[in-house]
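Examining the three-dimensional arrangement
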Amino acid sequence: MTKTTFTFKELKRTNHREIKRMQDQKFRAFIRYQVWPNHPYYRRLFKENDIDPFNITCIEDWAKYKIPLVKKHEYKDNLAQFVLNPSQVDGKDRDPAKIVSDLMTYTKKSGKSDEYKFIRNNGARVKLHLGADSAKENLQNHLTHRYAPLQFWLSSGRASGLPSPVFLTRYDNEMLFKNCVKVGQMAVDPWIDSGWELSSMNLFPYAPHLGWHAVNLGLKQMSKFYIATSAGGAIPSEKLVEIAKSFKANGFAGMPSYLRNRFFRAMKESDYTAPEKVVVLLAGEKIYDPVAQDITQTLQDKGAKEVRIIGGYASSESKISFAVQCDHRGPYHNVSPLMLSFEFIAMNDDGTYDFVDEDESGHVTLFHLDGAGTIFEGFLLGDVASRHENGPCPLCGIDGPFFWDIGRQNDAEAQIDIMGLREKKIKGATVNLTALREDLLSLGEVEEIQVEVAKEDMSDPYSMDVLNLYVAPKGPITANYDSLILEIKRITKNSTEVTPNVFIIAFEELLEKAGGMKFMEICDVRPKPA
Ligand SMILES: [Zn+2]
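By convention here, each chain's residues receive numbers from 1 onward along its written sequence. In keeping with the model being predicted, local features are shown solely for residues with a pLDDT of at least 70 and side-chain atom pairs are shown and tallied solely at 80 or more, while totals for entire chains, interfaces and linings include all residues.

1. Quick notes on the overall build of the protein
- Here a strand is any run of E in DSSP of at least two residues, a helix any run of H or I of at least four, and the numbering for each starts at the N terminus. Per the secondary structure count, the protein includes 17 helices and 22 strands.
- Each radius of gyration is computed over the set of C-alpha atoms, and the globule rule expresses the reference value as 2.2 Å times the number of residues to the power 0.38. Its C-alpha atoms give the protein a radius of gyration of 25 Å, within 12% of the compact-globule value 24 Å for 530 residues.
- Here the protein holds 530 residues, and 42% of them are scored as buried.
- Restricting the contact set of the protein to residue pairs at least 6 apart, pairs at least 24 apart contribute 67%. Neighbour density around each residue's C-beta defines its exposure: 20 or more other C-beta atoms within 10 Å make it buried, 12 or fewer make it exposed, and counts between make it partly exposed, where C-beta atoms are placed from the backbone. By definition, residues are in contact whenever their C-beta atoms, placed on the basis of the backbone, come within 7 Å of each other.

The structure is reproduced here in C-alpha cells:
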C-alpha cells in the first residue's frame, strides 16, 4: 500500500529515490484521473496545447511537453476554473456513475487502497441492489467530503474588489492537519528524545491566510499546552509577554518583523525569565540573520541556555503543504512531498522554461500531487531559491528534497515577467499596489497619489514595514481633509490589510517629491539589509 502522506517518523527514514518514485506515481494518477477530468483550467490548457495527459509520466514531463506555467494573474482571472469540479465536464453535467468510476480509478492508481476499497464495495452494492440506498448515501457523503469546498483563505494580490480565495475541502483539511504538525516536529526534533515538552504560543496575526490556521492546528497537536493569540491584534504585546511568562511558554511562532520589533522588544523591557530551551518558528517573511540574532540575544539575556530559530515556508497556494528548516542555517525540507512538489525553474528568453540543475537558482514552482478544492500545477510563486538538492541533508541527515535561501523576486519588471503582476510584501501581507493606486485615484477628491513602502525606522532595515500614501487633492489645499483621509485608510485597509499613513500635499509638491517628469507612482524606499 502506498501512503497518502508521511508521518514525521516515516519522512525521516524514507530515502529521496523512494520519495521521487512515489511522487511521480501520485502525479501521474492525479493528472490523469483528477486534473484531466475535473479541472476546467488544465483541461482547456491540455486541449489548446494538444497535450495527451496520458503521456505525462513524471513532473519533469511538464517541461518536455512545453506545458505553459501558470502566472498569478491567470489564476486571479479564472478563480472558479482552478477548483476541481467532478460534477461538470466541458460545461455539461456529468453522470454520477462516471464521477465515482474516475475517483475509483484514481484511488487505485495513486495507491489509496482503503479509499479504493470503500468506493468499490459501495459501488458494487449499488449495482447489485444490495442495500443500494445506504451505499449511494455513503458514496454521496464521500464525494462531498472530498470535493465540496469547506473554507477558503486568501491568496496575495487581487483582480478586483477582494483578494483571491484558495478553496479547501474537508479532505484538504484532514491533510492540512497531518502535514502542519510536521513543521513543528522538525523544529523541536533534536530535543524530543530528552523528554522536553512544548508549551507554545501562536503569535501570527489572525487573518484569512494559511499562517495562523496552520500554526494553530499544528501547535495544538504537538504541545503539552498551547496559547492561541492574534499577535498584537487583540492583546497588546506587553500583555502577551506576561502571558508567556505565566504559562512558561518555550515555543513561539510568528512573523520575524513582529516578533523582533514588538514581542521580543516588549520582552526585553519586562521582568521576564526565559525557560532553559526555547524554540522560535519564523515564517511569512524573509528571515535575516540579524533578526534571528536579536531574538536569540533577548532570550539569552533573559536566561535561556539554548535557542533554536527555525524558518518555515508555505503560501496560500501550497495550501496543505509546507517546507521547514532543520536548523537556522540549514535548508528547507519539504515535509509533505507526497502532497506537493516544489520545483525550480529558469525562464528562457524565448518564453520557454527548464527545470534547473541542483546547483542553480530557480523560481519556486508548485505542483500539487493530491488534494481537492483549488489545485495548481506548474504555478509560479514569485519566490527564488538559490539551489535545491535531493539526498541526505548535511545538517540533519534527513534524505529527501530540500532547498536553500528562499527569497522574493523583488525587481518589479522581473516580477511582471514571472508572475504577470507586481506585488510587494508589506508586514507579511502580499499587496498589489497597482490595484490599490487605481482604487484611490477613482475617488472624486483625489488628483494624484504616490504609494510608498518604507520602514518605521528608516535607519533600521529590520524594523516594521509602513505604507505611506502621499495624496494631492483636487483644487487648492484647504484646511480639513479628515473624511478623505478616513476614506483612503478604509479603502487601503480593505484591500491590503494594512493601515497606511496618509499625507495630504499640494499637487506641485507631490510632483516634485515623486520625481517630476518621471513620476514614480509606486516606490519602495525600504533600506536594504546588509
Ligand atoms: Zn536538514
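2. Overview of the nonpolar core
- For our purposes the nonpolar core covers buried Ala, Val, Leu, Ile, Met, Phe, Trp, Tyr and Cys residues that link as a set through C-beta atoms within 7 Å. Formed by 107 residues in total, the largest nonpolar core has its most connected members in Leu-203, Leu-259, Phe-263 and Val-324.
- With 9 residues, helix α9 (residues 170-192) is the largest single contributor of residues to this core.
- Each domain span listed reflects an automatic or database assignment of domains. Formed jointly, this core draws a minimum of three residues from each of two domains, domain 1 (8-150 + 162-167) and domain 2 (168-336 + 389-408).
- When residues no more than four places from it in sequence are discounted, the contact partners of Leu-203 are Thr-229, Ala-231, Phe-252, Ala-253, Gly-254, Tyr-258, Leu-259 and Phe-263.
- Within the second largest apolar cluster, 14 residues are counted, among which are Leu-433, Ile-449, Leu-467 and Ile-488.

3. Observations concerning the pairing of strand β7 (residues 251-254)
- Neither face of β7 is open: one carries Gly-251 and Ala-253, the other Phe-252 and Gly-254, and all of them are buried.
- Taken together, the 3 bridges between strand β5 (residues 199-202) and β7 define a ladder with parallel strand orientation. Opposite Asn-202, over in β7, you have Ala-253 as the bridge partner.
- Note: two strands are recorded as paired if DSSP finds a minimum of 2 bridges between them. Bridge count between β7 and strand β8 (residues 277-282): 4 bridges; the pairing is parallel. Pairing of Ala-253 across the sheet is with Leu-281, part of β8.
- Following the backbone out of β7, through helix α12 (residues 256-268) and into the adjacent parallel β8, one traces a crossover that is right-handed. Convention used here: a crossover is right-handed provided that the path from the first strand, over the helix, to the second strand proceeds clockwise when the strands point away from the viewer.

4. Some remarks on the sheet that holds strand β22 (residues 522-524)
- Overall, mixed pairing links the 4 strands, which are arranged β21-β20-β19-β22 in an open sheet. Every interior strand has two partners, whereas the edge strands, β21 (501-504) and β22, have only one. Within this sheet the neighbouring strands show an average axis-to-axis angle of 20 degrees, counted without direction.
- Two elements, strand β19 (residues 446-455) and β22, share 3 bridges in a ladder whose sense is parallel. What sits directly across from Glu-452, in β22, is Cys-523.
- Note on geometry: axes are lines fitted to C-alpha atoms, helical ones only across the stretch in contact, with angles between N-to-C directions running from 0 to 180 degrees. Helix α15 (residues 433-441) rests against β19 and β22 of the sheet, and its axis sits at about 145 degrees to β19.
- In the packing of helix α16 (residues 482-496) onto the sheet, the strands contacted are β20 (465-473) and β21, and the crossing angle to β20 comes to about 135 degrees.

5. Let's talk about the environment of Tyr-106
- The topology assignment puts Tyr-106 in helix α6 (residues 96-109).
- Apart from residues no more than four positions distant in its own chain, Tyr-106 is found in contact with Ala-29, Tyr-33 and Gln-34.

6. What to know about the sheet that holds strand β12 (residues 340-347)
- As summarised here, the arrangement of the 12 strands in space is β6-β5-β7-β8-β9-β10-β11-β16-β15-β14-β12-β13, forming an open sheet in which the pairing is mixed. Whereas interior strands pair on both sides, the edge strands pair on one side only; in this sheet they are β6 (225-228) and β13 (353-355). Recorded for the sheet is a direction-independent mean angle of 35 degrees between the axes of neighbouring strands.
- Pairing between strand β15 (residues 377-392) and strand β16 (residues 399-408): 9 bridges, direction antiparallel. Among the inter-strand pairings, Pro-392 is bridged to a residue of β16, identified as Asp-399.
- Contacts from α9 reach β8, β9 (306-313), β10 (323-325) and β11 (332-334), with the element oriented near 155 degrees to β8.
- Across the sheet, helix α13 (residues 289-301) lies against β8 and β9, angled at about 150 degrees from β9, the strand it touches most.

7. As for the domain arrangement of the protein
- What the domain assignment reports for the protein is domain 1 (8-150 + 162-167), domain 2 (168-336 + 389-408) and domain 3 (423-524).
- Just the C-alpha atoms count here: the centres of domain 2 and domain 3 sit 33 Å apart.
- Contact with domain 2, which involves 11 residues of that partner, is made by 8 residues of domain 3.
- Secondary structure elements with two or more residues in the side of domain 2 that touches domain 3: α12 and α13.
- Among the elements that line the side of domain 2 that touches domain 3, the one with the most residues is α12, at 3 residues.
- Only Asp, Glu, Lys and Arg are considered charged in this grouping, and only Ala, Val, Leu, Ile, Met, Phe, Trp, Tyr, Cys and Pro are considered nonpolar; every other residue, Gly among them, is considered polar. Its residues assigned to classes, the side of domain 2 that touches domain 3 shows 5 nonpolar, 3 polar and 3 charged.

8. Side note on unusual backbone geometry
- At Lys-319, a position not held by glycine, the phi torsion is positive, near 60 degrees.
- Mapped onto the elements of the fold, Lys-319 is located in the loop between β9 and β10.
- Even without glycine at this site, Asp-405 takes up a positive phi of about 50 degrees.
- With respect to the helices and strands, Asp-405 occurs in strand β16.
- Accessibility expressed as a C-beta count within 10 Å gives 12 for Asp-405, which makes it exposed.

9. Quick word on the packing of helix α2 (residues 16-38) against α6
- Between α2 and α6, whose axes approach to 8 Å, the crossing angle comes to 160 degrees. As judged from the angle between their axes, α2 and α6 are roughly antiparallel. Two packed elements cross with a definite hand, and for α2 against α6 that hand is left-handed. For the pair formed by α2 and α6, the contact residues are Ala-29, Tyr-33, Gln-34 and Pro-37 on the first element and Asp-102, Thr-105, Tyr-106 and Lys-109 on the second.
- Class assignment of the residues belonging to the contact of α2 with α6 gives a composition of 4 nonpolar, 2 polar and 2 charged. Note that the term roughly parallel is reserved for angles under 35 degrees, roughly antiparallel for angles over 145, roughly perpendicular for angles of 65 to 115, and oblique for everything else. Left-handed describes a crossing in which the near helix is turned anticlockwise from the far one by less than a right angle; the clockwise case is right-handed.

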